[in-house]
Amino acid sequence: MNTANNRRVQYTKQVLKESFLELLLEKPAGQITVTEICHNADVNRTTFYMHYEDVYDLERKIEDEFYDTLVASIEQYFHGGAEYASMIPVYETIAKNERLCLALFGRNGDDAFLNRCCEIQKDQMVLFLKRMYPTKSKQTLESMRCYIMNGCMGVIKNWIYGGMKGDPVQLAQLADRLSAQALGFQQS
């Protein structure tokens, strides 16, 4: 396929994604039709079906693409020498993709996807907790991790529902501090 076709395909996929996200800001994915997406994107239905099976396939591909972006930012954070599972890379990535995240994590988004994103740091969080509490059982450490992650998810949802006002790094540091205080240790 030549460059022009690649650009055309990329453009078409981008306008379909943007159309879906715009509609997702208004209503849940289950109420969005292919016809609505195509009408808003000025693309015919046949073109839509050349790229996606249905609305849920489009949503899944958008989620997977963002998930990969989030994983890459978190891995970069840990390769930079971070010793604990801070929420900073999560908040920074959400802030850089504000419109996308307002749609995916907002009131019409899928909580299961937010849970999936928060699970990215699971292994780093468990290792950190093992170092902090070497005598705790695996089940206790997992409960502690769940407590921290659910609190962080609540802060993220509150931030998103509030229109993502505030500095993402400061909010991440707040989430980190609250988690540390709840577990009885201090961060350096």
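This is a predicted model, so every value here is computed, not measured. (Residues numbered from 1 in each chain as written. Predicted model: local features only at pLDDT ≥ 70, side-chain atom pairs only at ≥ 80, totals over all residues. Heavy atoms only, no water.)

### Remarks on the overall build of the protein
And step 1. Tallying secondary structure elements over the protein gives 10 helices and zero strands in all.
And step 2. Secondary structure elements of the protein occur, N-terminal to C-terminal, as α-α-α-α-α-α-α-α-α-α.
And step 3. Projected onto its principal axes, the C-alpha coordinates of the protein cover approximately 60 × 35 × 30 Å.
And step 4. Burial statistics for the protein: of 188 residues in total, 43% are counted as buried. (Helix = DSSP H or I, 4+ residues; strand = E, 2+ residues; numbered from the N terminus. Buried < 20%, exposed > 50% of the residue type's maximum accessible area, 1.4 Å probe, protein only.)

### A closer look at the packing of helix α9 (residues 138-161) against helix α10 (residues 168-183)
And step 1. Following both chains from N to C, one finds α9 and α10 inclined at 150°, their axes separated by 10 Å at the closest point. The angle between α9 and α10 places the two elements in the roughly antiparallel class. You can see that α9 and α10 cross each other, and the crossing is right-handed. Contact residues: α9 offers Met144, Tyr147, Ile148, Cys152 and Trp159, while α10 offers Pro168, Leu171, Ala175, Ser179, Ala182 and Leu183.
And step 2. Taken together, the residues that form the contact of α9 with α10 break down as 10 nonpolar, one polar and no charged. (Axes fitted to C-alpha atoms, helices over the stretch in contact; angles between N-to-C directions. Parallel < 35°, antiparallel > 145°, perpendicular 65-115°, else oblique. Left-handed = near helix turned anticlockwise from the far one by under 90°. Contact = heavy atoms within 4.5 Å. Nonpolar A, V, L, I, M, F, W, Y, C, P; charged D, E, K, R; others polar.)

### Remarks on the layout of surface pockets
And step 1. Considering only enclosed or pocket space, the largest pocket measures out at about 200 Å³ in volume.
And step 2. As for the largest pocket, its lining consists of Gln14, Lys17, Glu18, Leu21, Ile62, Glu65, Phe66, Thr69, Asn97, Arg99 and Leu100.
And step 3. Mapped onto the lining of the largest pocket, the elements with two or more residues apiece are α1 (3-24), α4 (55-79) and α6 (98-105).
And step 4. Residues that form the lining of the largest pocket fall into these classes: four nonpolar, three polar and four charged. (1 Å grid on protein atoms, 1.4 Å probe; cavity = no way out; pocket = protein on both sides within 12 Å on 5 of 7 lines; lining within 4 Å. Points joined across faces, edges and corners; volume = space filled by probe spheres on them.)

### Focus on helix α7 (residues 111-118)
And step 1. Those residues of α7 that fall on the buried side of the exposure criterion are Phe113, Leu114, Cys117 and Cys118. Buried residues in α7, looked at end-on, bunch into an arc of 140°, giving them a common side.
And step 2. You can read the cap of α7 off the contacts: a side-chain oxygen lies 3.0 Å from the backbone nitrogen of Ala112, and it is on Asp110. (Arc of directions from axis to C-beta. Polar contact = N/O pair within 3.5 Å; in protein donor to acceptor, adjacent residues only side chain to side chain.)

### Quick notes on the pattern of salt bridges
And step 1. Under the counting rule described, the total for this entry stands at eight salt bridges.
And step 2. Residues joined in a network through salt bridges with shared partners are Asp57, Arg60 and Lys61. (Salt bridge = Lys/Arg side-chain N within 4 Å of Asp/Glu carboxyl O.)

### Thoughts on the confidence of the model for the protein
And step 1. In the predicted model, the protein carries a mean pLDDT of 86, and 90% of its residues have values of at least 70.
And step 2. When the elements of the protein are averaged for pLDDT, helix α8 (residues 122-132) gives the smallest value, 81, and helix α2 (residues 34-41) the largest, 98. (pLDDT = per-residue confidence, 0-100.)

### Here's the deal with the environment of Val169
And step 1. Mapped onto the fold, Val169 is located in helix α10.
And step 2. Separated by 150 residues in sequence, Val169 and Ser19 place their C-alpha atoms 30 Å apart.
And step 3. Ignoring anything within four residues of it in the chain, the contact list for Val169 reads Ile88 and Glu92.

### Quick notes on unusual backbone geometry
And step 1. The backbone of Asp42 shows a phi angle near 60°, a positive value even though the residue is not glycine.
And step 2. Tracing the chain through its elements places Asp42 in the loop between α2 and α3 (45-51).
And step 3. Overall, Asp42 belongs to the exposed group, its relative accessible area being 73%.
And step 4. Notably, Met164 is not glycine yet its phi reads approximately 60°, a positive angle.
And step 5. With respect to the helices and strands, the residue Met164 is situated in the loop between α9 and α10.
And step 6. Under the relative-accessibility criterion, Met164 is labelled buried at 9%.

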